[in-house]
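What follows is the residue order along each chain.
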There are 2 protein chains.
Amino acid sequence: MKIIIDAMGGDNGPIEVIKGTVDAVNEYGVNVILVGKEDIIGNELKKYDYPKDKVEILGASDIITNDDDPAIAIRRKKDSSMVVGCRALADGMGDGFISAGSTGALLASGIFIVKRIDGIDRAALSVVYPTKNGFSLLLDAGANVDCKPEYLYQFALMGSVYMEKVMGIKSPTIGLVNIGIEKGKGNTLSKETYDIIERSHLNFKGNIEARELPSGVVDVIVSDGFVGNVVLKLTEGMAISIFSILKEEFTKNFRTKLGAMLLRPELKNIKGRMDYREQGGAPLLGISKPIVKAHGSSDAFAIKNAINQLKKFIEKDVIKIIEENMHVLDNK
Amino acid sequence: MKIIIDAMGGDNGPIEVIKGTVDAVNEYGVNVILVGKEDIIGNELKKYDYPKDKVEILGASDIITNDDDPAIAIRRKKDSSMVVGCRALADGMGDGFISAGSTGALLASGIFIVKRIDGIDRAALSVVYPTKNGFSLLLDAGANVDCKPEYLYQFALMGSVYMEKVMGIKSPTIGLVNIGIEKGKGNTLSKETYDIIERSHLNFKGNIEARELPSGVVDVIVSDGFVGNVVLKLTEGMAISIFSILKEEFTKNFRTKLGAMLLRPELKNIKGRMDYREQGGAPLLGISKPIVKAHGSSDAFAIKNAINQLKKFIEKDVIKIIEENMHVLDNK
């Protein structure tokens, strides 16, 4: 197995990306191709011990940033690490691609260079959504803001296969984000989507209200990309806001500081339970080859985890299974 | 001023509703009409001291519950406390109406019995959204799941007037819930809405990402009812989930219990900072007379606060100001 890595992408690339890659090579035994400025990558690699035959460098002189317009950037910056990496994936030089760079540009590269799976209308950004006692997979998390019911059905299907194969969850439960749990609730999109998913072979649990999402009541959370993005960002925002309130209250005076000191391991543990890094990156489901988006602020640890996730994504033949299930007649 | 109150609605009606009403009569000097079963209301009222001339009873033999279909219920249960109360409001027996009963039925009663403001396309449920250091007004919180840009513009206008007049915030800032802050981001609805609000006289701060909502960066949060409802419920869900995690971690052993004991006043304070009750009820903006929805689980304190809010809603002539602003040419 060979994994192609955008060495330059993300807030902490190339230093942390390369460190995480080397850690993954050493820990998981994967072969990698690091794409980016050859001198920078070469110099960074000198810092580490690793099996030399497992790491290649593929030169790319340019970088796509978050300030670039995705659609324009992938046409104009043809020698960027992201475009070169995606082209290498499309050409079969590796089995999967990972980048911590611009989400929009990675999606555009995936769609236009690697292409979508036959029969899939839209590719979805699928993120691991931390819940009280585990995680769900949320898709679409922002790739498609205006959706049709069929797209959402395909998201449900792809999410189900991914959770089962990569995350090891047997017959994953599917929930449709809605403003009421009864069938017939919600907007036109959610009503029509309900009808389609209900008729499929998926383990559909029906509508799910946003209030229940943090408790983790379903394995796969399905919504359009607008609502999914709102859910994801509000969850982050609430966690940040509540921790900031805790900090304010717990540092008020000597008594509170003493209390907080006694609770230090638990406070750390709570932060850990709500950490986004542990579970790795976000798969772009619907693209014909495995691509994972690592969080923009990924450190080496997060990169290593994302590579491990991509490794399973490749090993478990997720895309082939999605393709096969596309042709299943969706009648119970 | 005379306020009409659905004595039977809500999880804690009639007992807590009547207690809260009496408290409001005593504290704010308002006149009230309690609508519902006369014998029950009469018996409850015997418990309290209050100026007898300020409290009337209006008989209604039936109750609309949350299990009733709103549209059907308001036609079939013509002698329900909600329908009778709304009709009394429409007939000019009082200046405003409050209910802790079914949100859907109250909206339907407002729209079909009291009628919308001339020129307003849709009535919005507007809720006080608690933020880190205060609150915003969020609308629509769930009344309209499929929206047009003009509706959202009207929500912005109505929310702005309400925040200025009732909540006393000078030139309230308006934010449009979106998945990116730049103009041109989002779905078709948000792009078109942006253009309309931008051209208006409102204090428009542009798009706002869901991550920022809990920090309280704008006074009025505008979205369609589907997204607004997701925002509201997810906020509640995250608060519940995080408190449940805190409780779990803080009751682990003697050390953590001691720490939590030292922090007890602060933990209570944190809960208070995120409490939904304090700010009262949710105004139905867009209806031609003042109606406030009190939270279904309201206790007497919440009812009293909601009555106080309705009192300001009436005193400040919010509806007249909305009507006047409807005819302002929305060009800077």
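Residues numbered from 1 in each chain as written. Chains lettered and ligands numbered in written order. Predicted model: local features only at pLDDT ≥ 70, side-chain atom pairs only at ≥ 80, totals over all residues. Heavy atoms only, no water.

Draft legend 1. The environment of Ala-24 of chain A, seen in detail. Residues and elements named next belong to chain A. Of note, Ala-24 is situated in helix α1 (residues 15–28). A sequence separation of 193 residues divides Ala-24 from Val-217, and the C-alpha atoms of the two residues are 32 Å apart. Those residues in contact with Ala-24, other than ones at most four positions away along the chain, are Gly-29, Val-30, Lys-304 and Ile-307. (Helix = DSSP H or I, 4+ residues; strand = E, 2+ residues; numbered from the N terminus. Contact = heavy atoms within 4.5 Å.)

Draft legend 2. Main features of the relation of the copies chain B and chain A. Structural alignment of chain B on chain A gives an RMSD of 0.1 Å, achieved by rotating through 180° and translating 0.0 Å along the axis. Look at the turn and shift together and you get a two-fold axis relating the two. Taking the C-alpha atom as reference, chain B places Gly-259 of chain B closest to the rotation axis, 2.1 Å from it. Mapped onto chain A, 100% of the interface residues of chain B are again interface residues, and the two copies thus contact each other with one and the same surface. (Least-squares fit on C-alpha atoms with pLDDT ≥ 70 in both.)

Draft legend 3. Representation of unusual backbone geometry within the structure. All names here are of chain A. Omega for the bond connecting Leu-139 with Asp-140 falls within 30 degrees of zero, at 5°, which places this linkage in the cis form. Unlike most non-glycine residues, Lys-115 shows phi in positive territory, near 75°. Looking at the secondary structure, you find Lys-115 in the loop between α5 (103–114) and β5 (124–125).

Draft legend 4. Examining the domain arrangement of chain A more closely. Residues and elements named next belong to chain A. Segmentation of chain A into domains returns domain 1 (1–120 + 286–332) and domain 2 (126–276). Placing a centre on the C-alpha atoms of domain 1 and another on those of domain 2 gives a separation of 25 Å. The partner domain 2 presents 15 residues to the 17 residues of domain 1 that form the contact. The contact between domain 1 and domain 2 buries some 1500 Å² in all, and 66% of this surface belongs to carbon and sulfur atoms. The interface formed by domain 1 and domain 2 contains 0 salt bridges. Here domain 1 is connected to domain 2 by 2 residue pairs in polar contact (both at pLDDT 80 or more). Put simply, the parts of the chain that give the side of domain 1 that touches domain 2 at least two residues each are α11 (300–315) and α12 (318–326). Tallying contributions element by element places α12 first for the side of domain 1 that touches domain 2, with 5 residues. For the side of domain 1 that touches domain 2, the class distribution of residues is 8 nonpolar, 5 polar and 4 charged. (Domains from an automatic or database assignment. Buried area = accessible area lost by both parts, 1.4 Å probe. Salt bridge = Lys/Arg side-chain N within 4 Å of Asp/Glu carboxyl O. Polar contact = N/O pair within 3.5 Å; in protein donor to acceptor, adjacent residues only side chain to side chain. Nonpolar A, V, L, I, M, F, W, Y, C, P; charged D, E, K, R; others polar.)

Draft legend 5. Examining the nonpolar core more closely. One finds Leu-213, Phe-250 and Ile-291 of chain A together with Leu-213, Phe-250 and Ile-291 of chain B to be the most contacted residues of the largest nonpolar core, which totals 110 residues. Beyond its immediate chain neighbours, meaning those up to four positions away, Ile-291 of chain B contacts Cys-86, Leu-89, Phe-97, Leu-106, Gly-110, Val-114, Ala-282, Pro-283, Leu-284, Leu-310 and Phe-313 of chain B. Counting 62 residues, the second largest nonpolar core, distinct from the first, contains Tyr-28, Val-32, Leu-137 and Tyr-162 of chain B. (Core = buried A, V, L, I, M, F, W, Y, C linked by side-chain atoms within 4.5 Å. Buried < 20%, exposed > 50% of the residue type's maximum accessible area, 1.4 Å probe, protein only.)

Draft legend 6. Region of the structure containing the packing of aromatic side chains. All names here are of chain A. By the definition in use, this model includes 4 aromatic pairs over all chains. Measuring from ring centre to ring centre gives 5.1 Å for Tyr-194 and Phe-204, while their planes differ by 70°; the resulting arrangement is edge-to-face. Here Phe-204 lies in strand β9 (residues 203–209) and Tyr-194 lies in helix α7 (residues 188–199), a separation of 10 residues in the sequence. Summarising the burial analysis for this pair, Tyr-194 and Phe-204 share the class buried. The ring of Phe-243 is capped by Lys-271, whose NZ or CZ atom sits 5.6 Å from the centre of that ring. (Phe/Tyr/Trp six-rings, centres within 6.5 Å; stacked < 30°, edge-to-face > 60°. Lys NZ or Arg CZ within 6 Å of the ring centre and 35° of its normal.)

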